[in-house]
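Fold and contact review
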Amino acid sequence: MLDELEQDGSMSLSERIEHVRFTLADMCLEKNADRFSFFRLLNRVIFLFQKPLIFAICRKSDETHGYIVDRHTHGDPLYLDEFEGALRRLGMKSDFSDVPEEAVEPYAVRLFHSSFFVIPFDVIRNPQADFRKQNVEFEPISRSSTVGRVLERVFRPFGAALCELGIEEHIEKNFQEIFEATALIQAYQDDPRKYPADRETQSLMTRYERRPRKVNVRQLAQGEMRIVPRRGAETIDAQAEVRADFTSLDDLLEAETGLIVSSPALRRPGGQISNLLISRKKFDRTDLRFGAYFYGIDFFLSREQRQQFRFCCQTIDRKSLTPFPNVDADRWFWENVDSARYRHLIASLRVPLSSNVRLFPEYVLMSGASILNVDPFSRGDLGWIADSATDEEREKELRRFAILHYLLQMMAPGARRPSLLTLPIRVSGATWMAATIVVDGAASDGDPEADIVSSSEFQSRFLIYHSMMRDFENRIRRKSKAAYLQCVYDVFAHQVAVMRDRNGQSRSNAPIESGDFEFPDFEALLDKTMGLARLYPYDLVVFSLGETLGRFSELRAESLGYACKVDFGIYDGNPFFDRLRLRNFLDRKDVRRQLRNLVNAQLGLSGSVKVRSI
């Protein structure tokens with residue numbers, strides 16, 4: 001079968017495998033382990049296959065020659081029991097002791113020349129009617145199968161040229177580092193049943209997610225926003241324009257998606273909407289969702305994509321689209337289209353999730369691993385609704401599903417078997433966002449059950465990920481870090497304004513002395529920086545006074561400088577996002593420098609003024 005597959009298209013299977021191997025070698029030569037974690041390697045390999053795959057990662061014991069299953073790419077708590085059951089059927093014990101060699105040997109694929117192996121599992125979904133929870137099974141894939149043989153070819157040891165560079169030793173060292181117990185930092189306040197996001201926190205999150213365009217004087221008087229008059233005006237009117245001293249997440253995503261949505265690579269044949277949907281994780285909930293999820297999801301479309309959606313709704317042949325299975329939600333969608341209520345449709349997509357819904361990006365947002373969702377449109381597989389949902393919740397979520405159903409189909413109307421490939425976007429070691437593209441789930445010979453991606457489809461998928469999404473992810477990392485610190489400063493500046501008003505200080509640029517702030521100020525600051533940590537996956541920044549930082553007494557205090565006698569510390573980890581700790585993403589010196597510069601600008605100090613720090 002492999003020989004037959006190699007005749008497919010202009011790029012043979014051997015060439016596709018070598019292409020993937022070259023990019024893996026590129027990652028494996030990186031200095032930092034987080035640049036080529038197991039997830040990054042497997043996320044590249046997944047482009048070769050036309051089926052959803054999940055991997056168990058294990059290492060072989062030198063003493064017993066058995067296999068120790070350390071981790072896996074299945075992060076969805078909804079089906080964790082089923083997946084662990086599949087592992088137990090291979091002989092894995094609850095105490096993670098060695099699995100007998102003979103039980104795992106038929107499935108384990110060695111990673112290069114290291115002591116680590118992967119066991120691929122097929123994800124077998126059994127769709128349920130009326131958007132109910134699916135039954136999912138996991139079956140290990142034999143090394144002798146097509147998938148197993150391709151994986152063995154991908155992960156065979158590197159050649160002499162790379163081995164002379166010490167790549168195999170480098171891989172082994174960094175793989176061992178990734179599996180250290182201290183490499184994974186678990187969130188400690190992500191459970192909304194114990195740490196719910198109250199209304200004030202949700203309001204703060206919304207402010208930093210979506211920049212408000214206008215504000216009235218009452219909002220200004222309440223200290224919610226600093227604004228300036230329109231150019232040429234002497235006073236501030238009730239609808240003055242906003243000058244916010246932060247970059248909202250919508251602004252950040254608009255700027256970054258705007259750089260790529262016009263690329264031909266994101267336009268499928270016949271597609272009128274750029275083939276990209278961003279979903280973002282945020283911890284805004286007060287309860288569990290679908291009995292398993294601690295977080296909410298926000299979808300994002302760029303301004304250009306929203307305009308494309310409007311045009312496509314007006315021109316597309318509706319008969320060319322797979323109808324949405326629910327008649328009432330389907331009718332509601334097209335009635336809104338016929339009434340030109342496109343903004344209402346996009347707004348309905350972004351309303352907060354109910355407590356009884358699960359959406360298709362969950363697996364990627366939980367695990368950080370890519371997944372292929374084959375043919376979700378005819379199977380009603382974009383989301384599920386719990387039986388406990390109220391009629392109102394069910395109606396709201398079915399309408400959201402209908403919007404996703406048609407929006408995603410419009411991105412790739414020419415696909416024979418439209419499927420969803422969802423890729424993780426990792427920031428600060430955590431899976432923060434996911435990018436979904438619509439792909440063709442049918443093989444080149446017309447057999448939808450073929451396991452290997454065709455040449456043309458492989459090139460399309462790999463080009464999007466390697467040439468576009470990788471740079472997109474890097475820019476999101478770089479700019480979100482700056483945006484996060486800008487937001488931290490914004491809440492600090494707001495509290496400074498509150499303090500000056502309380503103390504009767506008329507000069508906005510007066511130095512901040514050690515006695516100006518009181519304990520409630522620091523408590524208010526902590527509440528707000530915790531709210532920012534629910535949005536951004538970076539380490540928590542804590543403000544205080546003195547050598548210790550209150551309940552965070554283990555932190556090292558850093559002073560902002562002589563003009564602002566306030567200390568801060570960086571907590572090692574985010575209270576809400578799980579992440580791999582492979583390097584420091586927030587450096588104390590870097591944070592101090594950026595916050596100091598912002599404080600200096602607020603106080604009217606020259607950028608050349610040297611600020612001493614403790």
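Everything numeric here is computed off the predicted structure, so don't read it as measured data.

Our next topic: the layout of surface pockets. Empty space within the largest pocket amounts to approximately 980 Å³. As for the largest pocket, its lining consists of 39 residues, of which Gly 75, Leu 184, Gln 186, Met 366 and Asp 578 are closest to the centre. Broken down by secondary-structure element, the contributors of at least two residues to the lining of the largest pocket are strand S2 (67-72), helix H4 (80-89), helix H15 (362-367) and strand S17 (579-580). Tallied by class, the residues present in the lining of the largest pocket amount to 20 nonpolar, nine polar and ten charged.

Moving on: the packing of helix H12 (residues 303-315) against helix H16 (residues 391-411). Interhelical geometry of H12 versus H16 gives an angle of 90° and a closest axis separation of 11 Å. The angle between H12 and H16 places the two elements in the roughly perpendicular class. Contact residues: Gln 305, Phe 309, Cys 312 and Cys 313 in H12; Leu 407, Met 410 and Met 411 in H16.

On to unusual backbone geometry, then. Not every positive phi belongs to a glycine, and Phe 131 is a case in point at roughly 65°. Along the chain, the position of Phe 131 falls in the loop between strand S4 (116-126) and strand S5 (135-140). The backbone of Phe 290 sits at a positive phi, close to 55°, despite the residue not being glycine. Summarising the element assignment, Phe 290 is placed in the loop between strand S7 (277-282) and strand S8 (296-300).

Quick look at the pattern of salt bridges now. Evaluated as defined, the whole model comprises 37 salt bridges. Notably, a salt bridge pairs Asp 122 with Lys 51, separated by 3.2 Å at the nearest N-O pair. Of this pair, Asp 122 sits in strand S4 while Lys 51 sits in the loop between helix H3 (38-45) and strand S1 (53-60), and the two are 71 residues apart along the sequence. An identical accessibility class is assigned to Asp 122 and Lys 51; each is buried. Across the salt bridge formed by Arg 132 and Asp 387, the nearest N and O atoms sit 2.9 Å from each other. Taken together, the residues Arg 132 in the loop between S4 and S5 and Asp 387 in the loop between strand S11 (383-385) and H16 connect sequence positions 255 residues apart. Several salt bridges converge on common partners, so that one network encompasses Glu 209, Arg 210, Asp 250, Arg 280, Lys 282, Asp 284, Asp 298 and Arg 350.

This brings us to the confidence of the model for the protein chain. On average, residues of the protein chain carry a pLDDT of 81, and 83% of them reach 70 or more. Within the protein chain, helix H10 (residues 217-221) has the poorest average pLDDT of any element, 37, and S7 the best, 97. Across residues 213-244, where pLDDT falls below 50, the model places 52 contacts with residues more than four positions away in sequence or in other chains.

This paragraph deals with the sheet that holds strand S12 (residues 418-427). If you trace the five strands from one edge of the open sheet to the other, you get S8-S7-S13-S12-S10, paired in antiparallel fashion. Only two strands of the sheet have a single neighbouring strand rather than two, namely S8 and strand S10 (371-373). Averaged over all adjacent pairs, the angle separating strand axes in this sheet is 25°, with direction ignored. The sheet contacts of helix H17 (residues 455-503) involve S7, S10, S12 and strand S13 (430-440), and relative to S12 the element is tilted by about 30°.

A few words on the nonpolar core. The biggest cluster of nonpolar side chains holds 185 residues, and the ones touching the most others in it are Phe 155, Phe 333, Leu 408, Met 410, Phe 492 and Phe 543. Residues within four places of Leu 408 in sequence aside, it is in contact with Leu 277, Phe 360, Phe 377, Leu 382, Leu 420 and Val 438.

Buried residues dominate H3, accounting for eight of its eight residues. Within the span of H3, buried status applies to Phe 38, Phe 39, Arg 40, Leu 41, Leu 42, Asn 43, Arg 44 and Val 45.

The next thing to look at is empty space enclosed by the protein. Going through the model one piece at a time under the given rule, you end up with eight cavities of 30 Å³ or more. Reported here for the largest cavity is a volume of approximately 230 Å³. For the lining of the largest cavity, a count of residues per class yields eleven nonpolar, four polar and four charged.

To continue, consider the packing of helix H13 (residues 327-338) against helix H14 (residues 342-349). Two elements in contact, H13 and H14, have axes separated by 8 Å at closest approach and are oriented at 140°. Viewed along their axes, H13 and H14 adopt a mutual orientation that is oblique. Residues Trp 332, Phe 333, Asn 336 and Val 337 of H13 touch H14, and the partners they reach there are Tyr 342, His 344, Leu 345 and Ser 348. For the contact of H13 with H14, the class distribution of residues is five nonpolar, three polar and no charged.

Working note: regular strand, side chains alternate between the two faces of the sheet. Buried residues dominate S4, accounting for eight of its eleven residues. Here S1 pairs with S4 via seven bridges, running antiparallel. Along S4, the bridge assignment pairs Cys 58 with Phe 117. Where strand S3 (residues 109-110) lies against S4, two bridges are found, and the strand directions are antiparallel. Paired with Arg 110 across the bridge in S4 is Phe 117. Once S3 ends, the chain turns through five residues before running back antiparallel as S4, passing Phe 112 with a positive phi of about 60°. Of the pairings in the sheet, the one linking S4 to S5 comprises six bridges and is antiparallel in character. Following the sheet pairing, Val 123 is matched in S5 by Phe 138.

Each value, and the rule that gives it
Residues numbered from 1 in each chain as written. Predicted model: local features only at pLDDT ≥ 70, side-chain atom pairs only at ≥ 80, totals over all residues. Heavy atoms only, no water. 1 Å grid on protein atoms, 1.4 Å probe; cavity = no way out; pocket = protein on both sides within 12 Å on 5 of 7 lines; lining within 4 Å. Points joined across faces, edges and corners; volume = space filled by probe spheres on them. Helix = DSSP H or I, 4+ residues; strand = E, 2+ residues; numbered from the N terminus. Nonpolar A, V, L, I, M, F, W, Y, C, P; charged D, E, K, R; others polar. Axes fitted to C-alpha atoms, helices over the stretch in contact; angles between N-to-C directions. Parallel < 35°, antiparallel > 145°, perpendicular 65-115°, else oblique. Contact = heavy atoms within 4.5 Å. Salt bridge = Lys/Arg side-chain N within 4 Å of Asp/Glu carboxyl O. Buried < 20%, exposed > 50% of the residue type's maximum accessible area, 1.4 Å probe, protein only. pLDDT = per-residue confidence, 0-100. Pairing = 2+ DSSP bridges. Core = buried A, V, L, I, M, F, W, Y, C linked by side-chain atoms within 4.5 Å.

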